[in-house]
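Residues per chain, in single letters:
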Amino acid sequence: MKKLIWIIIILAVIAGIWHVSSQESAGPVSGETIKIGAVLPMTGAGASYGEDQKRAIALAVEEINAEGGVRGIPLEVIYEDDQTDPKVTVSAAQKLINVDGVKVIIGGVWDHLANAIAPVIDQEKIVLISPSVNADTVGVSSPYFFMTYPPVASMGPAFEEFLTKFENPKVVTMTWNNNWGLGHAEVFKEAVAKTGGQVVKEIVLTKPDGNDIQRELTLLVPLNPDIIFTVMNFSDTAVFARKKSELGIKATTLNHYNLATTYLNGQIPNEFMEGLYVFKNSPSNTEFVEKYKNRYQMELQIPDADSAYDAVHVIRLALENNGGDTSADALVSGIHAIKNYQGASGLIDFSQTNYTENKKPVLEVFQGGKFVEVK
């Protein structure tokens, strides 16, 4: 009888231990969160990118937490402003890792910022997800570096289609002197070569913004080009649109969507916009656009906000795929398990690469006071 009593007691103890263990794994310890770092340019030349992406990240986190978080644990985002300065990007990332204890960072939103932060994530073994750099222009490679954004090469067919409207055109390229600007120029020049055009001048701007655009355009007047291709940041695009008109330059221009963003922010009057072409990636899905508008009572300013929103969901999916393990290698495995996920930015698939091809190229022209898609 005593033996039976002891057996019952032992079984009860084992059952109690199992119950406690089950309860601990089923939900979070009080106050426990999954910490995500976000290094964004909320001041400096990239401020409009950082502000929109911050709102998109916050929207995704709110939605996920409202549905119970990830495996019962809420997400927490700690934001740092890198001031669009690579040195600040590095110090911000180090602070997030060593002080705040984040396990994954969303950031490196421009290529020179991502290039600066890449050695940090390799050394610390922290996953970095950029919402807006191109894999073929960023200049760095790491097993811990992912991009929810397509490569520049995906624009090639659209560039070729645009160029077929001209017969043996004389072409000028005007781009910022970094991987982003020069990478776009290379893809465009390849399209020019394929379609029978000739690049007669390549202008490489030395600063991220605030270059002497009037001087550069004045030098183009004697060349009388047919096409000017530009990849510049915001204030430069405003000066470009105005001075091109004032100098009487008749060339057709194809511009990075930054020019459209500058116009939509009220910095370029309509009178300087007529006939200007822009290229961009396909827009966010309508559900995300409406959610963003309802949450913030404003329209999207930057087309890459959807990729920042999706970056949060990539983290969620990775943790769901790997059982909630926040270690770098487990997160990498969890991300590579994501295939054919329909995100706000398009179809996301990391099964073969560290970047997605979630967007398609789109050309628009400004006509009658608005941008019209070129079919």
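In case you missed it, the structure is sitting above this.
Parameters at a glance
- Residues numbered from 1 in each chain as written.
- Predicted model: local features only at pLDDT ≥ 70, side-chain atom pairs only at ≥ 80, totals over all residues.
- Heavy atoms only, no water.
- Helix = DSSP H or I, 4+ residues; strand = E, 2+ residues; numbered from the N terminus.
- Buried < 20%, exposed > 50% of the residue type's maximum accessible area, 1.4 Å probe, protein only.
- Contact = heavy atoms within 4.5 Å.
- Expected span 1.5 Å × (residues − 1).
- Pairing = 2+ DSSP bridges.
- Axes fitted to C-alpha atoms, helices over the stretch in contact; angles between N-to-C directions.
- Right-handed = clockwise from strand over helix to strand, strands pointing away.
- Core = buried A, V, L, I, M, F, W, Y, C linked by side-chain atoms within 4.5 Å.
- Phe/Tyr/Trp six-rings, centres within 6.5 Å; stacked < 30°, edge-to-face > 60°.
- Lys NZ or Arg CZ within 6 Å of the ring centre and 35° of its normal.
- Left-handed = near helix turned anticlockwise from the far one by under 90°.
- Nonpolar A, V, L, I, M, F, W, Y, C, P; charged D, E, K, R; others polar.

**Q** I'm lost on the environment of Asp 111 in this one. Help?
**A** Tracing the sequence through the fold places Asp 111 in helix H4 (residues 111–124). Judged by relative accessible area, Asp 111 falls into the buried class, the value being 4%. Sequence spacing of Asp 111 and Pro 86 is 25 residues, and the spatial spacing of their C-alpha atoms is 9.7 Å. Aside from chain neighbours lying at most four places away, what touches Asp 111 is Val 133, Thr 137, Val 138, Asn 178, Asn 179 and Trp 180.

**Q** Looking at this structure, how should I read helix H2 (residues 47–66)?
**A** The α-helix advances 3.6 residues per turn, and as a result positions three or four apart in sequence lie on the same side. With 20 residues, H2 extends 28 Å from end C-alpha to end C-alpha; this agrees with the ideal 28 Å at 1.5 Å per step. Positioned one or two residues after H2, Gly 68 has a phi angle of 105°, which is positive.

**Q** Whenever I open this one, the sheet that holds strand S7 (residues 198–205) confuses me. Can you help?
**A** Judged by pairing direction, the sheet is mixed, and its 7 strands sit side by side in the order S7-S6-S8-S9-S10-S13-S14 without closing on themselves. Either end of the sheet is taken by a strand with one partner, and the two such strands are S7 and strand S14 (370–373). Looking at each pair of strands side by side, their axes are set apart by 25° on average, direction ignored. As paired strands, strand S6 (residues 170–176) and strand S8 (residues 227–231) are joined by 5 bridges and run parallel to one another. Looking at the pairing, Thr 173 lines up with Phe 229 of S8.

**Q** Please explain the pairing of S7 as it appears in this structure.
**A** Put simply, side chains in a regular strand alternate between the two faces of the sheet. In this sheet, S7 lies alongside S6 in parallel orientation, the contact comprising 7 bridges. Bridge assignment links Thr 175 to a residue of S7, and that residue is Val 204. Where the polypeptide runs from S6 across helix H6 (residues 179–195) and back to S7, its parallel neighbour, the crossover connection is right-handed.

**Q** Would you explain the sheet that holds strand S5 (residues 145–147) in this entry?
**A** Pairing between sheet strands relies on hydrogen bonds along the backbone, with the strands arranged either parallel or antiparallel. Taking strand neighbours across the sheet as the criterion, the 5 strands line up as S2-S1-S3-S4-S5 in an open arrangement whose pairing is parallel. One side of each edge strand has no neighbouring strand; the edge strands of this open sheet are strand S2 (75–81) and S5. Averaged over neighbouring strand pairs, the angle between their axes works out to 25° when direction is ignored. Strand direction decides the pairing type here: strand S1 (residues 34–40) and strand S3 (residues 104–107), joined by 4 bridges, are parallel. Within S3, the residue paired with Ala 38 across the bridge is Ile 106. The strands touched by H2 are S1, S2 and S3; relative to S2, the strand with the most contacts, the crossing angle is about 170°. Across the face of the sheet, helix H12 (residues 328–336) comes into contact with S3, strand S4 (127–130) and S5 while running at roughly 40° to S4.

**Q** Help me understand the nonpolar core, please; the structure alone is not making it clear to me.
**A** Nonpolar side chains in soluble globular proteins tend to end up buried together. Judged by nonpolar contacts, the single largest core of 66 residues is most densely connected at Ile 57, Val 127 and Ile 129. When residues of this core are assigned to their parent elements, the largest contribution, 10 residues, is made by helix H11 (residues 305–321). In contact with Ile 129, not counting residues within four places along its chain, are Val 104, Ile 105, Ile 106, Gly 107, Phe 146, Thr 148, Ala 311, Val 314, Ile 315 and Ile 335. Counting residues in hydrophobic clusters, the runner-up holds 25 residues, among them Met 174, Phe 240, Tyr 263 and Leu 276.

**Q** For this particular structure, what's the right way to read the side chain of His 256?
**A** Examined against the element boundaries, His 256 turns out to sit in strand S9 (residues 252–256). Among the residues examined, His 256 registers a relative accessible area of 12% and is labelled buried. Residues within four places of His 256 in sequence aside, it is in contact with Tyr 49, Trp 180, His 184, Thr 230, Val 231, Val 278 and Phe 279.

**Q** What am I meant to see in the packing of aromatic side chains here?
**A** The description of an aromatic ring pair uses the distance of the two centres, along with the angle that the planes make with each other. Applying the stated criterion across every chain, the model contains 17 aromatic pairs. Their ring planes at 70° and their centres at 5.2 Å tell us that Phe 162 and Tyr 277 sit as a pair that is edge-to-face. With Phe 162 in helix H5 (residues 156–163) and Tyr 277 in strand S10 (residues 277–281), this pair connects stretches of sequence that are 115 residues apart. In this structure, Phe 162 and Tyr 277 share a single accessibility class: buried. Through successive ring pairs, a cluster of aromatic residues spans Phe 159, Phe 188, Phe 229 and Phe 279. A cation over a ring is seen here: Lys 54 above Tyr 79, with NZ or CZ 4.8 Å from the ring centre.

**Q** Would you take a moment to explain the pairing of S1 for this structure?
**A** Burial runs high along S1: 6 of the 7 residues are buried. Bridging between S1 and S2 involves 7 bridges; their strand directions are parallel. Residue pairing across strands places Gly 37 opposite Ile 78, the latter belonging to S2. Crossover handedness for the path S1 to H2 to S2: right-handed.

**Q** What is the right way to look at the packing of H2 against H11 in this model?
**A** Axes are the key here: two packed helices are described by the angle between their axes and the distance separating the axes. Two elements in contact, H2 and H11, have axes separated by 7 Å at closest approach and are oriented at 35°. Of the two possible hands of crossing, H2 and H11 adopt the one that is right-handed. Across the interface between the two elements, Asp 52, Gln 53, Ala 56, Ile 57, Leu 59, Ala 60, Val 61, Glu 63 and Ile 64 of H2 pack against Ala 305, Ala 308, Tyr 309, Val 312, His 313 and Arg 316 of H11. Across the contact of H2 with H11, the residue classes tally to 10 nonpolar, 2 polar and 3 charged.

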